[in-house]
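Geometric and topological summary
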Amino acid sequence: GAVVSQHPSRVICKSGTSVKIECRSLDFQATTMFWYRQFPKQSLMLMATSNEGSKATYEQGVEKDKFLINHASLTLSTLTVTSAHPEDSSFYICSARDPSRDEKLFFGSGTQLSVL
Amino acid sequence: QKEVEQDPGPLSVPEGAIVSLNCTYSNSAFQYFMWYRQYSRKGPELLMYTYSSGNKEDGRFTAQVDKSSKYISLFIRDSQPSDSATYLCAMTTTGGFKTIFGAGTRLFVKA
């Protein structure tokens, strides 16, 4: 069964609103979670690394103020897309390493964001 | 040059065929090698996980790692239409923090 839960699976919002996506590790503690963006027929693009209790590390070109990441507990990381615009429409996926399973990387089910 | 190269396909095969998916890489420090399967609009699912060189078999799936050639493969035997998906190779160094992904190969298995 799924070890990483991601919600919501789909969200449609108006331009200018903020959207929060949650990523939970279900049966393990994840000190590090990762957030990706994926465009149609393209591979995963790492956006940021979420570290529990500290600031996220963003990849080059990713706007920190646009994509707010909070990793408040060992089982939950959130990605907030602030003041969303149509160009932010994409498929967002989170992942987490499971220390009890040889640090294997498991993914959430993804969130399809559509900004009108 | 990308760290991990993977042919994006698409690859179309008839049902029952043996499928061979491959990736090459340039960083000799990679030690952990993974294959993920991703259905459309879903998160990637871990299929195979291999440490260092060698073969690993799980049901219809076989993963091979040849570190001397910096080449990894995933074989799917008796392919089924339900195997139609995008297959992503991925790799990490020992103690590595980031996992590097290939571009993904789109596979279509025709009934």
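Below is a summary of the structure that appears in this document. (Residues numbered from 1 in each chain as written. Chains lettered and ligands numbered in written order. Predicted model: local features only at pLDDT ≥ 70, side-chain atom pairs only at ≥ 80, totals over all residues. Heavy atoms only, no water.)

**With respect to the overall build of chain B**
Our working rule: Every helix listed is a DSSP run of H or I at least four residues long, and every strand listed is a run of E at least two residues long, numbered separately from the N terminus. In this setup the radius of gyration rests on C-alpha atoms only. A globule is expected at 2.2 Å times the number of residues raised to 0.38.
Along chain B, the regular secondary structure elements total 0 helices and 11 strands. Secondary structure elements of chain B occur, N-terminal to C-terminal, as β-β-β-β-β-β-β-β-β-β-β. Scaling as 2.2 N^0.38, a compact globule of 111 residues should have a C-alpha radius of gyration of about 13 Å, and chain B matches this with 13 Å. Seen through its principal axes, chain B has C-alpha atoms that stretch 40 × 25 × 20 Å.

**Overview of the interface of chain A and chain B**
Here is the rule we go by: Throughout, a residue-residue contact means that at least one pair of heavy atoms, one from each residue, lies within 4.5 Å. Once two parts are put together, the accessible area they lose, assessed with a 1.4 Å probe and summed over both, is termed the buried area. N or O atoms within 3.5 Å of each other form a polar contact, as long as, within protein, one can give a hydrogen and the other can take it, and as long as residues adjacent in sequence are counted only when both atoms are side-chain atoms. Residues are grouped as follows: Ala, Val, Leu, Ile, Met, Phe, Trp, Tyr, Cys and Pro are nonpolar; Asp, Glu, Lys and Arg are charged; all remaining types, including Gly, are polar.
Taken together, the contact between chain A and chain B spans 24 residues of the former and 18 residues of the latter. Roughly 1600 Å² of surface becomes buried between chain A and chain B when both sides are summed, with 57% attributable to carbon and sulfur atoms. Run the count over chain A and chain B and you get 6 residue pairs in polar contact (both at pLDDT 80 or more). Broken down by class, the residue content of the side of chain A that touches chain B amounts to 10 nonpolar, 9 polar and 5 charged.

**A few points about the sheet that holds strand β7 (residues 61–66) of chain B**
All names here are of chain B. Note the cut-off: Any two strands with at least two DSSP bridges between them are considered paired.
Ordered by their spatial adjacency, 5 strands build an open sheet running β1-β3-β8-β7-β6, and the pairing between neighbours is antiparallel. Looking at strand neighbours, the two that pair on one side only are β1 (4–5) and β6 (54–58), the edges of this open sheet. Pairing between strand β3 (residues 19–25) and strand β8 (residues 71–76): 6 bridges, direction antiparallel. Counted as the bridge partner of asparagine 22 is serine 73 from β8.

**Remarks on the state of the cysteines**
Residue and element names in this part refer to chain A. Spelled out, the test is: The rule for a disulfide is simple: a pair of cysteine sulfur atoms within 2.5 Å.
Scanning the entire structure with this criterion turns up 2 disulfides over all chains. Here cysteine 23 connects covalently by a disulfide to cysteine 94, the sulfurs 2.0 Å from one another. Since a negative S-S torsion denotes a left-handed disulfide, the cysteine 23-cysteine 94 link at about 80° is right-handed. A residue pair is termed long-range when its members are at least 10 positions apart, and cysteine 23 in strand β3 (residues 19–25) and cysteine 94 in strand β9 (residues 90–98) qualify at 71 residues.

Nothing here speaks to function; it is geometry throughout.
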